[in-house]
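Coordinate analysis (summary)
Below are the chains, spelled out letter by letter.
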Amino acid sequence: MKQNQLRNFSIIAHIDHGKSTLADKLILATGGLQKREMKEQVLDNMDLERERGITIKAQTVCLNYKNAKGEKYTFNMIDTPGHVDFTYEVSRSLAACEGVLLVVDATQGIQAQTLANLNLAMQHNLHIIPVINKIDLPSADPENVKQQLEDICQIEADGAVLVSAKEGIGIEEVMDAVVAHIPPPSGDHDSPLKCLLFDAWYDSYRGVIVLVKVRDGTLQVGDEIVMMATGNSFVVEELGVFTPVQQQKEILGAGEVGYMVANIKQLDQTKIGDTVTHLHRPTTEALPGYKEVKPMVFSGLYPISGDQYELLRDALKKLRLNDASISYEAETSTALGFGFRCGFLGLLHMEIIRERLTREYNVDLLTTAPTVVYNIFTTDGQVVQIDNPAKLNEIKNIDHLEEPYVVGTIISPEEFIGTIMALTRDRRGHQIKMEYLTPSTVLLQYDLPFNEIVLDFYDKLKSLTKGYASFDYEFIDFRASNLVKLDVLLNGDVVDALSMIVHKDKVYIKAATW
Ligand SMILES: Nc1nc2c(ncn2[C@@H]2O[C@H](COP(=O)(O)OP(=O)(O)OP(=O)(O)O)[C@@H](O)[C@H]2O)c(=O)[nH]1
Ligand SMILES: [Mg+2]
């Protein structure tokens, strides 16, 4: 396929605005799957994704499109998750694209993740096609969304495509807009090979499968390649694309996206964001790579029955094979025995892993309350990071503690401003911005200690605003805080697994409500 017939794009949006449903219709319209092979949100292939109706893992599909004029195009489309825990899935997908479909629910308008994901797309200099979805619903107000796109996002709304992904309305228009507005990939076929490794997972039959976007040069089966950041070299055994059915190819040329199998045994041998090049004619310049994702929320996972400890360790090892963002290390608790301290991207990620451990590996678990990471500064100038409040006792000569802060963005109807201010004040938030996006919608931004929002902030915000407010956050830095350890005693003995680190002003309330 010639380069000017290629289009690489991601579908991005706030959670539940209809990305996966739109992806379904694009797959159907291009014949990627037949109607009888289809099910709703076909790309959400994990049981948990289907039950919860959410996308957790980004999925890349290669589609062949023939327009009304008979011109042929190849689309590489990436359906991304909307939940804030999985933002890193969005950002790494964007690096493989030249454009995005920014889906906005016509009944809800611009929400917090709409803006967050739009900003990511803009940082990558991607072309943005606004898609206003769910126009079949009686409360749909596409004109209002258009106005919001112009006022809030500074996007030309004339080009917005009106769609009902559910009813299959406007799908052809979406594909034509992709062809007309998203630029084909640039890239030189004859330059040394330069590929971006943007996703990888472990397949128990094939070993590690990686997704690459070829920026320059040509990748062929049999090539000797090297991963520039890790220095590991391999021979390419198989190349191909998912249509979403796996389809082998001999060559991936400049601008193309596809999968590669190269006898890579462990996921640790690959690094997302790495540059893949030829061993004997390497590129001189590696791609900039990605920021590494770090777990943000930690919890102790203990088997209820001690003889399931080995089972839990094996299960964590297997889960980590496919999800490098989980961390775990053995820990012991006097109260709970042997277990693991595990790190997750957020609370939803934690819930999902916990559920998978129970369901797929039959481990019955006790989990300790989730906590964030703290920096402990000692009087002799050392900094120790702890992810378990019980460990605070082990550190002598503590000077002060630092806790992680996030910048939280809330978009809400203006009638709830007072309620939101009260809630964020209670959570030690500090307002940094208040802006009317429209006469009736307001955007509020706060510096917030992550510790204060990790547990129930979002649920509280939703219930206090009757479901109308949306929330997004991004880690900013660590800041010094007046924090103390709250121990819980049972019959006079400290139960280590129940200890927590709390702000001094809140310690009595916390203790009283325990
Ligand atoms: N009425 C109507 N419902 C829609 C439309 N598109 C999607 N939905 C519904 O909206 C809900 C969310 O759809 P998804 O496609 O899973 O949304 P998503 O954006 O992929 O969600 P995440 O991946 O979790 O962020 C589902 O119940 C869909 O059936 C539409 O055009 N009209
Ligand atoms: Mg989805």
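In what follows, the accompanying structure is described.

The rules behind each value
Residues numbered from 1 in each chain as written. Chains lettered and ligands numbered in written order. Predicted model: local features only at pLDDT ≥ 70, side-chain atom pairs only at ≥ 80, totals over all residues. Heavy atoms only, no water. Pairing = 2+ DSSP bridges. Helix = DSSP H or I, 4+ residues; strand = E, 2+ residues; numbered from the N terminus. Axes fitted to C-alpha atoms, helices over the stretch in contact; angles between N-to-C directions. Contact = heavy atoms within 4.5 Å. Near = heavy atom within 4 Å. Polar contact = N/O pair within 3.5 Å; in protein donor to acceptor, adjacent residues only side chain to side chain. Areas by Shrake-Rupley, 256 points an atom, 1.4 Å probe, with all protein chains shown as cover. Nonpolar A, V, L, I, M, F, W, Y, C, P; charged D, E, K, R; others polar. Donors = N, O, S within 2.8 Å, 3.2 Å for Na, K, Ca; no water. Buried < 20%, exposed > 50% of the residue type's maximum accessible area, 1.4 Å probe, protein only. Parallel < 35°, antiparallel > 145°, perpendicular 65-115°, else oblique. Left-handed = near helix turned anticlockwise from the far one by under 90°. Core = buried A, V, L, I, M, F, W, Y, C linked by side-chain atoms within 4.5 Å.

**Considerations on the sheet that holds strand 20 (residues 365–367)**
Spatial strand order, 18-19-17-20: 4 strands in an open sheet with antiparallel pairing. In this open sheet, the two strands that pair with only one neighbour each are strand 18 (327–333) and strand 20. Across this sheet, the average inter-strand angle for adjacent strands is 30°, counted without regard to direction. For strand 17 (residues 297–303) and strand 19 (residues 337–344), the ladder comprises 5 bridges, and the chain directions are antiparallel. By the bridge assignment for strand 19, Val 297 is matched with Phe 344. The strands touched by helix 7 (residues 309–322) are strand 17, strand 18, strand 19 and strand 20; relative to strand 19, the strand with the most contacts, the crossing angle is about 15°.

**Quick look at the site of ligand 1**
Around ligand 1, the structure places 19 residues, and the nearest of them are Lys 19, Ser 20, Thr 21, Thr 55 and Asp 136. One of the side-chain N or O atoms of Asn 133 is found 3.0 Å from an oxygen atom in ligand 1. Considering ligand 1 on its own, with 650 Å² of exposed area, one finds that the protein chains cover 87% of that surface. The element contributing the most residues to the shell around ligand 1 is helix 1 (residues 19–29), with 3 residues. Of the residues that constitute the shell around ligand 1, the class distribution is 4 nonpolar, 10 polar and 5 charged.

**Here's the deal with the pairing of strand 13 (residues 246–249)**
Sheet analysis places strand 12 (residues 238–242) next to strand 13, joined by 4 bridges and oriented antiparallel. Across the sheet, the residue bridging to Phe 242 is Gln 246, located in strand 13. Where strand 12 folds back on strand 13, the antiparallel hairpin that results is connected by 3 residues.

**Let's talk about the sheet that holds strand 8 (residues 207–216)**
Read from one edge to the other, the open sheet built from 8 strands follows the order 11-10-16-7-8-15-12-13, with strand pairing classed as antiparallel. If you trace the sheet from one side to the other, it starts and ends with strand 11 (233–235) and strand 13, each paired once. Adjacent strand axes in the sheet meet at a mean angle of 40° when their direction is disregarded. The pairing of strand 8 with strand 15 (residues 257–261) spans 5 bridges and is antiparallel.

**Some words on the coordination of the magnesium ion (ligand 2)**
Within the protein, Ser 20 (OG) and Thr 55 (OG1) serve as the donor atoms for the magnesium ion (ligand 2), at 1.9 to 2.0 Å. Highlighted residues: Ser 20 in helix 1 and Thr 55 in the loop between helix 2 (47–52) and strand 2 (59–66), separated in sequence by 35 residues. Both residues of the pair, Ser 20 and Thr 55, count as buried.

**Some points on the packing of helix 9 (residues 417–426) against helix 11 (residues 457–464)**
As a packed pair, helix 9 and helix 11 sit with axes 10 Å apart at the nearest point and diverge in direction by 160°. Here helix 9 is positioned roughly antiparallel relative to helix 11, judged by the angle of their axes. As helix 9 packs across helix 11, the resulting crossing turns out to be right-handed. Between helix 9 and helix 11, the contacting residues are Thr 419, Ile 420, Leu 423 and Thr 424 on the first element and Phe 457, Lys 460, Leu 461 and Leu 464 on the second. Among the residues making up the contact of helix 9 with helix 11, the classes are represented as 5 nonpolar, 2 polar and 1 charged.

**Concerning the environment of Ile 11**
Structurally, Ile 11 can be placed in strand 1 (residues 6–13). Along the primary structure Ile 11 and Leu 102 are separated by 91 residues, whereas in three dimensions their C-alpha atoms are 6.3 Å apart. Apart from the residues within four sequence positions on either side, Ile 11 is in contact with Lys 19, Leu 22, Ala 23, Leu 26, Met 77, Ile 78, Asp 79, Thr 80, Leu 101 and Val 103.

**Some remarks on the side chain of Ser 499**
Looking at the element boundaries, Ser 499 is found in the loop between strand 29 (493–494) and strand 30 (500–503). Of note is the side chain of Ser 499, whose polar atom sits 2.7 Å from the side chain of Asp 487. Those residues in contact with Ser 499 that lie beyond four places of it in its chain are Pro 389, Ala 390, Lys 485, Leu 486, Asp 487 and Val 494.

**A few points about the nonpolar core**
Of all hydrophobic cores here, the largest spans 45 residues; its most connected members are Leu 357, Ile 410, Phe 450, Ile 453, Phe 457, Leu 461 and Phe 471. Among the elements that line this core, the one with the most residues is helix 7, at 5 residues. Once residues lying within four places of it in the same chain are set aside, the contact partners of Ile 410 are Ile 420, Thr 424, Val 442, Leu 443, Leu 444, Tyr 446, Phe 457, Leu 461, Ala 469, Ser 470 and Phe 471. In this structure, Leu 102, Ala 121, Leu 126 and Ile 152 belong to the second largest nonpolar core, which totals 39 residues.

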